[in-house]
Amino acid sequence: MKSPNISDNVEALNRDMANKNLGGHWQLGLESYLSYPETTVQPCLWKWKDVYESLMRAGEVVSMEEAERRTVRLLNPALRDRQATTHTIHFSFQYVKTGEHARPHRHTAAAFRFILNGSGAYTTVNGQKCVMEEGDLILTPQLSWHDHTNDSGKPIIWLDGLDIPLVQSLQQLLFEPHPENAQRVEKTSEEVAISYGHGRPAGASAAEFFHYKWSDTYRRLNALVEAAAPDRFDGYLLEYRNPTTEGPTMPTIQCALSLLRPGQETQGHRHTSTVIYHAFRGSGSSFVGEERFDWKAGDSFVVPLWYPHRHVNGGASEEAILFSMSDAPVLRSLGLYREESAGV
Ligand code: GTQ
């Protein structure tokens with residue numbers, strides 16, 4: 001080895017290394033790193049009126065054939081290049097008129113539908129027919145086939161939650177159309193529900209579970225209000241678990257409901273997961289960092305990671321129910337989940 005040239009300097013070294021696709025730790029600028037996680041995602045509120053008007057206009061001018069899915073997507077103003085609600089998880093609203101069918105496909109992004117307005121249409125997930133009612137949650141996990149049929153005689157609107165931005169940043173996004181125009185229905189989610197929690201015929205294995213019915217969910221939520229003290233940060237918090245694993249709703253997604261009784265306020269906290277909320281019933285206010293979001297049923301908002309936040313149901317008589325989607329399972333499985341109380 002030659003002894004180092006004494007006229008050498010750091011700039012010359014950096015330049016020569018760059019030409020060889022090399023870089024030094026001294027070039028990282030560690031002094032600009034923060035002692036807490038920083039996100040580019042912005043807190044943001046989307047009003048139902050704006051979403052609904054756009055959906056109705058899309059119903060007039062966008063056909064199912066040209067769109068694959070007729071959805072209006074929530075775009076975070078700080079993520080214009082990504083065209084997504086946050087850096088990991090995403091909300092869209094889908095409108096299917098009666099007589100319409102959204103053809104079957106599958107993708108590596110996991111998704112769910114939370115039914116907002118209308119009933120009687122159905123989604124077929126891996127051959128399982130899931131007839132929708134308001135408040136139902138229907139999962140379409142990674143690579144499950146799904147198509148939507150509205151033969152109910154009335155239009156339907158639901159919320160789509162997806163982990164597309166996460167799957168995209170892992171460079172795992174793929175999409176496949178189904179070879180046929182519609183999936184054949186092999187069973188119904190009602191038949192499948194009987195095999196969960198009630199025993200099942202000897203020798204029969206549990207079918208895939210995709211459909212949480214609102215009637216069950218709301219009964220559990222009310223039982224929670226009767227029996228338990230509220231979570232101090234999230235009110236009466238009901239998490240949708242995967243009944244076969246007892247784990248999160250899906251590997252990348254946790255869905256939950258927070259119920260706030262009239263006058264109820266939560267304490268502020270922050271966590272390394274990102275949450276998108278949708279006001280399903282009632283009204284209230286959420287304080288997110290410097291922002292105050294006054295919401296009522298139909299509105300959606302983002303709580304970016306590590307932003308202090310708290311929720312208030314300021315009303316005197318009506319309960320408020322927030323549906324939420326979070327990427328917490330991802331953070332937890334990577335050992336990156338942290339939370340602490342934080343005033344706001
Ligand atoms: O309904 O299958 O919002 O595949 C995005 C991708 C909905 C769907 C979305 C999808 C769907």
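Details of the structure are given in the entry above.
Here goes a summary of the coordinates provided. (Residues numbered from 1 in each chain as written. Predicted model: local features only at pLDDT ≥ 70, side-chain atom pairs only at ≥ 80, totals over all residues. Heavy atoms only, no water.)

### Quick notes on the environment of Glu176
Note the following rule: Helical segments are the DSSP runs of H or I of at least four residues, strand segments are the runs of E of at least two, and each set is numbered from the N terminus. Residue exposure (1.4 Å probe, protein chains only): buried if accessible area is under 20% of the type maximum, exposed if over 50%, otherwise partly exposed. Only heavy atoms enter the contact rule, under which two residues are in contact if any of them lie within 4.5 Å. Polar contact is the term for a pair of N or O atoms within 3.5 Å; when the atoms are in protein, one must be able to donate a hydrogen and the other to accept it, and sequence-neighboring residues count only if both atoms are side-chain atoms.
Inspection of the secondary structure puts Glu176 in strand β11 (residues 175-177). In this structure Glu176 comes out as partly exposed when scored by relative accessible area, which is 29%. Considered as a pair, Glu176 and Arg106 are 70 residues apart in the sequence and their alpha carbons are 5.4 Å apart. Leaving out residues up to four positions away in the same chain, Glu176 has contacts with His105, Arg106 and Trp145. Polar contacts involving the side chain of Glu176 include one to the side chain of Arg106, which spans 2.8 Å.

### Some thoughts on the side chain of Thr39
By secondary structure assignment, the location of Thr39 is in the loop between α1 (10-19) and β1 (44-46). For Thr39, a relative accessible area of 16% gives the class buried. Looking at Thr39, its side chain comes within polar contact range of the main-chain nitrogen of Val41, at 3.0 Å.

### Focus: the sheet that holds strand β10 (residues 156-162)
Convention followed: Strands were regarded as paired on the criterion that DSSP finds at least two bridges between them. Axis definition: a line fitted to C-alpha atoms, over the contacting stretch in the case of helices. Angles run 0 to 180 degrees between N-to-C directions.
If you walk across this open sheet you meet the 6 strands as β2-β3-β10-β5-β8-β13, and the pairing is antiparallel. Each of the sheet's edge strands pairs with one partner strand only, and the pair in question is β2 (71-73) and β13 (211-212). Sheet topology note: the strand β5 (residues 111-117)/strand β8 (residues 137-140) ladder contains 4 bridges and is antiparallel. Bridged to Arg113 within β8 is Ile138. Along the sheet, helix α2 (residues 48-61) contacts β2, β3 (90-96), β5 and β10; its crossing angle with β3, the most-contacted strand, is approximately 45 degrees.

### Overview of the site of the ligand
What counts here: When we say a residue is near a molecule or strand, we mean one of its heavy atoms is within 4 Å of it. In short, Shrake-Rupley with a 1.4 Å probe defines the accessible areas, and a residue's cover is counted only from the protein chains shown.
The ligand sits among Arg69, Thr71, Ser92, Gln94, His105, His107, Arg113, His146, His148, Asp160 and Leu162. Between an oxygen atom of the ligand and a side-chain N or O atom of His148, the distance comes to 2.7 Å. Within the side chain of Asp160, a nitrogen or oxygen atom sits 2.8 Å from an oxygen atom of the ligand. Here the ligand loses 89% of its free accessible area of 290 Å² to cover by the protein chains.

### Re a nonpolar patch on the surface
Spelled out, the test is: A residue counts toward a patch only above 30% relative accessible area and without a salt bridge, and it is joined to like-charged neighbours within 9 Å or, for Val, Leu, Ile, Met, Phe, Trp and Tyr, to nonpolar neighbours within 5 Å. By convention in these notes, a salt bridge is any Lys or Arg side-chain nitrogen within 4 Å of a carboxyl oxygen on Asp or Glu.
A grouping of Val10, Leu13 and Trp26 is seen on the molecular surface, where their side chains present a nonpolar patch of about 290 Å² in accessible area. If you trace the backbone, Leu13 turns up in helix α1. The exposure class assigned to Leu13 is partly exposed, which follows from its relative accessible area of 34%.

### Section: the nonpolar core
Stated formally: Throughout this description, the term nonpolar core refers to a set of buried Ala, Val, Leu, Ile, Met, Phe, Trp, Tyr and Cys residues connected via side-chain atoms within 4.5 Å.
In this structure, Phe93, Phe112, Phe114, Leu137, Tyr240, Leu257 and Phe323 are the most contacted members of the largest nonpolar core, which totals 43 residues. In this structure, Met64, Ile115, Ile138 and Phe210 belong to the second largest nonpolar core, which totals 12 residues.

### Some points on helix α6 (residues 214-227)
Inclusion rule: Helix span, as expected, comes to 1.5 Å for every residue beyond the first. Arc, as used here, means the arc of the directions from the helix axis to the C-beta atoms.
An ideal rise of 1.5 Å per residue puts 20 Å on 14 residues; α6 measures up with 20 Å between its terminal C-alpha atoms. Here α6 has its buried residues at Trp214, Thr217, Leu221 and Val225. Relative to the axis of α6, the buried residues are bounded by an arc of 75 degrees and lie together on one face. Turned more than 90 degrees away from the buried face of α6, the exposed residues are Ser215, Arg219, Arg220, Glu226 and Ala227. The inward-facing, buried residues of α6 abut β13, β14 (236-239), β15 (254-260), β17 (275-281) and β22 (320-326).

### What about the pairing of β5?
Across the 7 residues that make up β5, a large majority, 6, are buried. Inspection of the sheet shows β5 paired to β10 by 6 bridges, in the antiparallel sense. Residue Phe112 lies in a different strand from β10, and its bridge partner there is Gly161.

### Comments concerning the packing of aromatic side chains
Operational definition: Two rings belonging to Phe, Tyr or Trp (six-membered ring only in the last case) form a pair when the distance between their centres is within 6.5 Å. Interplanar angles under 30 degrees mark stacking, angles over 60 mark edge-to-face geometry, and anything in between is tilted. Placement of a charge over a ring requires the Lys NZ or Arg CZ to be within 6 Å of the ring centre, with the centre-to-atom vector within 35 degrees of the ring normal.
One pass over the full model with this rule turns up 13 aromatic pairs. Taking 5.6 Å as the distance between ring centres and 65 degrees as the angle between the ring planes, the aromatic pair formed by Phe112 and Phe323 counts as edge-to-face. Taken together, the residues span a long stretch of sequence, with Phe112 in strand β5 and Phe323 in strand β22 at a distance of 211 residues. You'll find Phe112 and Phe323 in the same group, each marked buried. Members of the aromatic cluster, joined through ring pairs, are Phe112, Phe114, Phe209, Tyr212, Trp214, Tyr218, Tyr240, Phe280 and Phe323. In this structure, Arg310 is placed above the aromatic ring of Phe287, and the distance from its NZ or CZ to the ring centre is 4.3 Å. Sitting over the face of the ring of Trp306, Arg338 holds its NZ or CZ atom 5.0 Å from the ring centroid.

### Re the pairing of β22
β22 sits mainly inside the fold: 7 of its 7 residues count as buried. As defined by bridge partners, β15 adjoins β22 across 7 bridges and the pair is classed as antiparallel. When the bridges of β22 are listed, Gln254 appears paired with Ser326. Bridge analysis of β17 against β22 gives 6 bridges, and the strand direction is antiparallel. For Ile276, the partnering residue across the bridge sits in β22 and is Met325.

These values are about where atoms sit, not about what they do.
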